[in-house]
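# Understanding the architecture of this molecule
Listed here are the chains, written in short residue letters.
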Amino acid sequence: GEVEKGSYLLIENFDRLSRDKIVRSNKIFTDILSAGIRIVILDRDKIFDIEHLDIGDWITALIEFERANKESERKSDFSSKAWNINRNKMRSGQIVTKKVPKWLKVEDNQFIVDLEQVNRIEQLFKLSLKYGLLEATKQYNQLYDDKLAPHQVQYILGNRKLIGEHQPKKLYWEDGGKRRLKDEGVAIPNYYPQVIEPTLFYKVQ
């Protein structure tokens, strides 16, 4: 009910609405129309409206959703193969992406440690060990300007990248149509520079 009935949803192409399996794509499509919202497909110069939806329109939508899904799967296969190669490179110690934790950056194919960030994280660990999660969060926020919520602190304290470990992940479908990141294979030890002593890390855990 947050979007008024009679509103228009403008999208360039059907694949901008969904690239999911045809049944799930069709559900998104029909749910939006059933909410009284008109869907405009710009590259077809076409308005889909539940009050004027005929069988031809429906078939067109289904065909487009199937096409979008197959194209997405094809690209995903290429991506999966590429990442399998990259994971093997990572296991041999090679850096394959500049997407790294915020206390690191990549320059000249080497990890560079942001010492200021690491000092803050180490302080967070020591505060947590002494006071517990909530008080550590409170005291950290009094010391630094990057204000953190307790759940963010909890995530940082449990992040095994701090002790050098990298766990490759992959998107999987779950029952109910949700996609979730899950571990892919065994973790890679000593991939990142170790910035928190394992003894301190495990004490906090």
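Refer to the structure printed above.
Here the residue numbers are simple positions, counted from 1 along each chain's written sequence. In keeping with the model being predicted, local features are shown solely for residues with a pLDDT of at least 70 and side-chain atom pairs are shown and tallied solely at 80 or more, while totals for entire chains, interfaces and linings include all residues. Calculated side-chain values reflect all of the structure's heavy atoms, with hydrogen atoms and water omitted.

What follows concerns the sheet that holds strand β2 (residues 38–41). Only strands that DSSP links by at least two bridges are regarded as paired with each other. Secondary structure is summarised from DSSP: a helix means a run of H or I of at least four residues, a strand means a run of E of at least two, and numbering begins at the N terminus for each. Read across the sheet, 3 strands follow the order β1-β2-β3 without closing on themselves; strand pairing throughout is mixed. The sheet is open, and its two edges are formed by β1 (8–11) and β3 (46–48), each paired on a single side. For this sheet, the mean inter-axis angle between neighbouring strands, taken without regard to orientation, is 25°. Across 3 bridges, the pairing between β2 and β3 is antiparallel. Directly across from Ile 41, in β3, lies its bridge partner Lys 46. Residues count as neighbours in contact if any of their non-hydrogen atoms are within 4.5 Å of one another. Axes, fitted as lines to C-alpha atoms, cover a helix only where it is in contact. Angles between the N-to-C directions of the axes lie from 0 to 180 degrees. Here helix α1 (residues 22–34) sits on the sheet and contacts β1, β2 and β3; the angle it forms with β2, its principal contact strand, is near 125°.

Below, the discussion takes up the pairing of β1. A regular strand carries its side chains on alternate faces of the sheet. Sheet analysis places β1 next to β2, joined by 4 bridges and oriented parallel. Along β2, the bridge assignment pairs Leu 9 with Ile 39. By definition, the crossover connecting two strands over a helix is right-handed if that path, from the first strand to the second, turns clockwise as seen with the strands pointing away from the viewer. Each parallel crossover has a hand, and the one from β1 via α1 to β2 is right-handed.

Attention now moves to the pattern of salt bridges. Each reported salt bridge corresponds to a side-chain nitrogen of Lys or Arg within 4 Å of a carboxyl oxygen of Asp or Glu. One pass over the structure, following the stated rule, counts 11 salt bridges. We note a salt bridge from Arg 120 to Asp 146, for which the minimum N-O separation is 2.9 Å. Here Arg 120, found in helix α3 (residues 115–131), pairs with Asp 146, found in the loop between α4 (133–143) and α5 (150–157); they are 26 residues apart in sequence, far enough to count as distant.

In short, the description is geometric, and any link to function would need to be established separately.
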